[in-house]
Amino acid sequence: MDRLLIETYGRGGAVLLQALEGLTAADFRATPVAGTWTIGQIVLHLLDSDLIASERMKRVIAEDNPTLIGFNETRFAQNLYYNELDPFLAAEVLDKNRRITVEILRRLPESAFGRVGTHNEAGVITLEYLVKNYTGHVEHHLKFVREKRALLGKAL
């Protein structure tokens, strides 16, 4: 496991917080690209995904081949009040969650990253896969945040 990847994963929350600087409540709810998530919805999606990811990582670390359950991101966005929740608070929670999860990952022996869980949709996945997958998740969505910021006249 590339230990630099663990540090990159850990910085994801700070990178997200930086990308949100200067945005207003109206900016978070704006729809500069019709039919897509708002910046606020993206942030809440990132938080929910991250909480689920860290729970999966912890279960793979602590349990023998745990069952990992998928979730419907569209239903989460529709039914969990993403437009009413505070995106700054969500980003802060994501940052803190990543920071504590990184503390665990740093302490693991190399062999731990080969531990597995069985996802109900994706099958057998390793801890290394989870770390790699979620390291890129924030950056993947930040390109959409940057695009929407630019359309709102608030490019970084």
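For the structure itself, consult the block above.
These numbers were taken from a predicted model, which means no experiment stands behind them. Counting starts from 1 at the beginning of each chain's written sequence and moves along it residue by residue. Residues qualify for local features only when their pLDDT is at least 70, as the model is predicted, and side-chain atom pairs are given and counted only at 80 or more; totals for whole chains, interfaces and linings, by contrast, use all residues. Neither water nor hydrogens contribute to the side-chain values; these are computed over all heavy atoms in the structure.

Q: Pulling in residues and values, what's your account of the side chain of R56?
A: Mapped onto the secondary structure, R56 falls in helix α3 (residues 39-62). Accessible area is worked out with a 1.4 Å probe on protein chains only. A residue is then buried under 20% of its type maximum, exposed over 50%, and partly exposed in between. The charge count treats Lys and Arg as positive and Asp and Glu as negative. His and the chain ends do not count. Each reported salt bridge corresponds to a side-chain nitrogen of Lys or Arg within 4 Å of a carboxyl oxygen of Asp or Glu. One buried charge, R56, has no salt-bridge partner; the nearest side chain with opposite charge is E55, at 5.4 Å. Whenever two N or O atoms come within 3.5 Å, that pair is a polar contact, provided that in protein one can donate a hydrogen and the other can accept it, and provided that, for residues adjacent in sequence, both atoms are side-chain atoms. Within the structure, the side chain of R56 is placed 2.8 Å from the backbone oxygen of I69, a separation counted as a polar contact. Dropping the residues within four chain positions of it, R56 is found in contact with L68, I69, G70, F71, H119, L130 and Y134. Elements are defined by DSSP. Helices are runs of H or I of four residues or more, strands are runs of E of two residues or more, and each kind is numbered from the N terminus. Contacts: residue pairs with any heavy atoms within 4.5 Å of one another.

Q: Quick one: what's the story with helix α6 (residues 127-151), residue by residue and with numbers?
A: In this analysis, the expected span of each helix is defined as 1.5 Å times one less than the number of residues it contains. Helix length check: α6 (25 residues) gives 38 Å between terminal C-alpha atoms against 36 Å at 1.5 Å per residue, within 8%. Note on bend: at a given residue it equals the angle between the axes fitted to the 7 residues ending there and to the 7 starting there. The axis of α6 is deflected most strongly, by about 25°, at H137. Among all positions in α6, only L127, L130, V131, Y134, T135, H137, V138, H141, L142, V145, K148 and R149 are buried. Looking at the residues trailing α6, positive phi occurs at G153, about 80°.

Q: Which residues make up the packing of aromatic side chains, and what are the values?
A: Centre distance within 6.5 Å is the pairing criterion for rings of Phe, Tyr and Trp, where only the six-membered ring of Trp is used; planes under 30 degrees apart are then read as stacked, over 60 as edge-to-face, and the remainder as tilted. Counted by the stated rule, this structure contains two aromatic pairs. On the basis of an interplanar angle of 90° and a centroid distance of 5.1 Å, the ring pair of F28 and F88 is categorised as edge-to-face. Here F28, found in helix α2 (residues 25-29), pairs with F88, found in helix α5 (residues 87-107); they are 60 residues apart in sequence, far enough to count as distant. Given a relative accessible area of 31%, F88 falls into the partly exposed group. Seen in terms of ring centroids, F71 and F76 are 4.9 Å apart; in terms of plane orientation they differ by 55°. Their pairing is tilted.

Q: Describe the nonpolar core, and please don't skip the residues or the numbers.
A: Ranked by size, the top nonpolar core spans 19 residues in total, and within it L16, L20, I39, V43, L46, L142 and V145 carry the most contacts. Residues in contact with L46, not counting those within four places in the same chain, are L16, L94, H137, V138 and H141. Each nonpolar core is a collection of buried residues, namely Ala, Val, Leu, Ile, Met, Phe, Trp, Tyr and Cys, held together in the definition by side-chain atoms within 4.5 Å. Membership of the second largest hydrophobic core comes to 18 residues, among which are M1, L5, L105 and L127.

Q: So what about the layout of surface pockets? Which residues, and what values?
A: In this analysis a 1.4 Å probe is tested at points of a 1 Å grid over the protein atoms alone, and where it fits but cannot get out there is a cavity; an open set with protein on both sides within 12 Å along at least five of seven lines is a pocket; lining residues have an atom within 4 Å of a point. Grid points are joined across faces, edges and corners, and a volume is the space filled by probe spheres set on the points. Volume-wise, the largest pocket comes out at about 240 Å³. Taken together, 15 residues line the largest pocket, and the ones lying closest to its centre are R56, F71, H119, N133 and Y134. Contributions of two or more residues to the lining of the largest pocket are made by α3 and α6. Element by element, the count of residues in the lining of the largest pocket is highest for α6, at five residues. Grouping the amino acids of the lining of the largest pocket by side-chain chemistry returns six nonpolar, six polar and three charged. Ten residues, namely Ala, Val, Leu, Ile, Met, Phe, Trp, Tyr, Cys and Pro, are considered nonpolar, four, namely Asp, Glu, Lys and Arg, are considered charged, and the remaining ones, Gly among them, are considered polar.

Q: Residue-level account of the pattern of salt bridges, with values.
A: Opposite charge on two side chains permits them to pair, given that their charged atoms come into close proximity. If you walk through the whole model with that rule in mind, you get 12 salt bridges. In this structure, the salt-bridge partner of E110 is R3, at a minimum N-O distance of 3.7 Å. In this pair, E110 is assigned in the loop between α5 and β2 (116-119) and R3 in helix α1 (residues 3-20), connecting sequence segments 107 residues apart. A relative accessible area of 42% places E110 in the partly exposed class. Among the residues examined, R3 registers a relative accessible area of 31% and is labelled partly exposed.

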